Amino acid sequence: MTQALIDPFARAIEYLRVSVTDRCDFRCVYCMSENMQFLPKKELLTLEELDRMCSAFIRLGVRKLRITGGEPLVRRDIMTFFRAMTRHLDSGALRELTLTTNGSQLEKYADDLYAAGVRRINISLDTLDEEKFARITRWGRLPQVMRGIDAAQKAGLRVKINTVALQGFNEDELFTLTDWCASRDIDITFIEVMPMGDIGNEDRIGQYWSLKDLRARLAERSALTDLPESTGGPARYVRVENTGQKIGFITPLSHNFCESCNRVRITCTGEIYTCLGQEGHSDLRAPLRASEADADLEAAIRAAIALKPKGHDFDYSRQKVDGQVSRHMSHTGG
Ligand code: SAM
Ligand code: SF4
């Protein structure tokens, strides 16, 4: 029997996030600079290579696969890849196939995603105001995303909204956003902005809105009860007692989740990052391309997992961004 992937700190690796492209049809200010240089297409794993890579991880015990980017739904023929992953859901090897998307292409793909076996998706949305949406995403348009959210719900996909908490930007929409989600039976999770990549002139510290503060604001309106559930990641959940709504908080800058971390990430060029907040990574593309059999690839995966660090080094203390990583979020995938 194949041995499961267990890292040096006895954490079983069951969750793989795969970035299928570094490209995007938006240019969110906290994520990309306006003039991003994208990778030459030949650097990217082909759809067949993505299939082999994900299938190897599933053989080694991965149970949850999240497809991300860049914007995963702008990758050409991406539905071919989703449909190929259906076989792992059908066999029972994979428990969940999901994606994180900006929503721009969902009107087109929601039904196909459902047919491929996707049941839950995360959609990123930082504001319900059209003008602010255009400002934060630079190239995005809110009505298109709203049509995408409608299409997703109509297709039967369970939607979760991810909102980056931004000081001076969406503080004033806290209740507008949570109430809108509640009215549509959508869960919402707030994310603290992270120091990722060179994004031009934006001042990250100015953008940082502590979720401790956000939570205190929510608590002014209703009692909040901590929920015990954990995804093995940085998300923590509360129930809003007045409405029963579930709200999540992702605080990647805290260290309270590293000990239960069950995930690794693959970039669109086939590098594996075993920690979002560390530079350490290994190349899986070379062993993947070196042979048509998967023995080298599996050995390289095991060797990379053996190097998974205990935790990350992000720290915003003393108004200085420590532990900053140079790659963009769109490179490793959020
Ligand atoms: N394009 C897709 C999307 O926007 O959902 C998937 C990729 S995006 C990189 C994944 C998530 O990362 C999004 O929810 C986005 O808001 C978040 N993100 C990007 N840059 C971030 C940053 N510097 N700090 C915190 N979250 C960030
Ligand atoms: Fe694109 Fe997502 Fe990054 Fe926004 S957060 S620029 S939608 S990859």
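Within each chain, residue numbers correspond to sequence positions counted from 1 in written order. Here every chain gets a letter starting at A, and every ligand a number starting at 1, in the order they are written. Predicted model: local features are reported for residues with pLDDT of at least 70 only, side-chain atom pairs are reported and counted for 80 or more only, and whole-chain, interface and lining totals are derived from all residues. Computation of side-chain values: all heavy atoms of the structure, hydrogens and water removed.

1. Description of the site of ligand 1
Now for step 1: Put simply, a residue is near a molecule or strand once any heavy atom of it comes within 4 Å of that molecule or strand. In the region of ligand 1, 18 residues are neighbours, and Y30, G70, E71, S124 and M194 sit closest.
Now for step 2: G70 is positioned with one of its backbone polar atoms (N or O) 3.0 Å from a nitrogen atom of ligand 1.
Now for step 3: The backbone of M194 places a nitrogen or oxygen atom 2.7 Å from a nitrogen atom of ligand 1.
Now for step 4: Here, Shrake-Rupley sampling with a 1.4 Å probe gives the accessible areas, and only protein chains in the shown set may cover a residue. When ligand 1 is considered free in solution it has 550 Å² of accessible area, and contact with the protein chains removes 95% of it.
Now for step 5: Each helix corresponds to a stretch of at least 4 residues labelled H or I by DSSP, and each strand to a stretch of at least 2 residues labelled E; elements are numbered beginning at the N terminus. Every element with two or more residues in the shell around ligand 1 is listed here: β3 (96–101), β5 (158–165) and β6 (187–192).
Now for step 6: In this classification, Asp, Glu, Lys and Arg are treated as charged, Ala, Val, Leu, Ile, Met, Phe, Trp, Tyr, Cys and Pro as nonpolar, and every other residue, Gly included, as polar. In the shell around ligand 1, the residues fall into 7 nonpolar, 9 polar and 2 charged. Any pair of N or O atoms that falls within 3.5 Å is considered a polar contact. Within protein, one atom must be able to donate a hydrogen and the other to accept it, and sequence-neighbouring residues count only if both atoms are side-chain atoms.

2. Overview of the packing of aromatic side chains
Now for step 1: Ring geometry is summarised as follows: Phe, Tyr and Trp rings, the Trp one being its six-membered ring, pair when their centres sit within 6.5 Å, and such pairs are stacked at plane angles under 30 degrees, edge-to-face over 60 and tilted between the two. Applying the stated rule across the entire model yields 2 aromatic pairs.
Now for step 2: Each ring, one from F26 and one from F133, has its centre 5.9 Å from the other, and the planes form 90°; the classification is edge-to-face. Highlighted residues: F26 in the loop between β1 (15–19) and α1 (47–59) and F133 in helix α4 (residues 130–137), separated in sequence by 107 residues. With respect to class, F26 is no different from F133; both count as buried.
Now for step 3: Residues F81 and F82 carry aromatic rings whose centres are separated by 6.1 Å and whose planes lie at 70° to one another, so their mutual orientation is edge-to-face.
Now for step 4: The classification of residues rests on relative accessible area computed with a 1.4 Å probe and restricted to protein chains. Under 20% of the type maximum is buried, over 50% is exposed, and intermediate values are partly exposed. You can call F81 buried: its relative accessible area is 1%.

3. Overview of the site of ligand 2
Now for step 1: The environment of ligand 2 is formed by C24, F26, C28, C31, M32, G70 and N102.
Now for step 2: Per-class residue counts for the shell around ligand 2 are 5 nonpolar, 2 polar and no charged.

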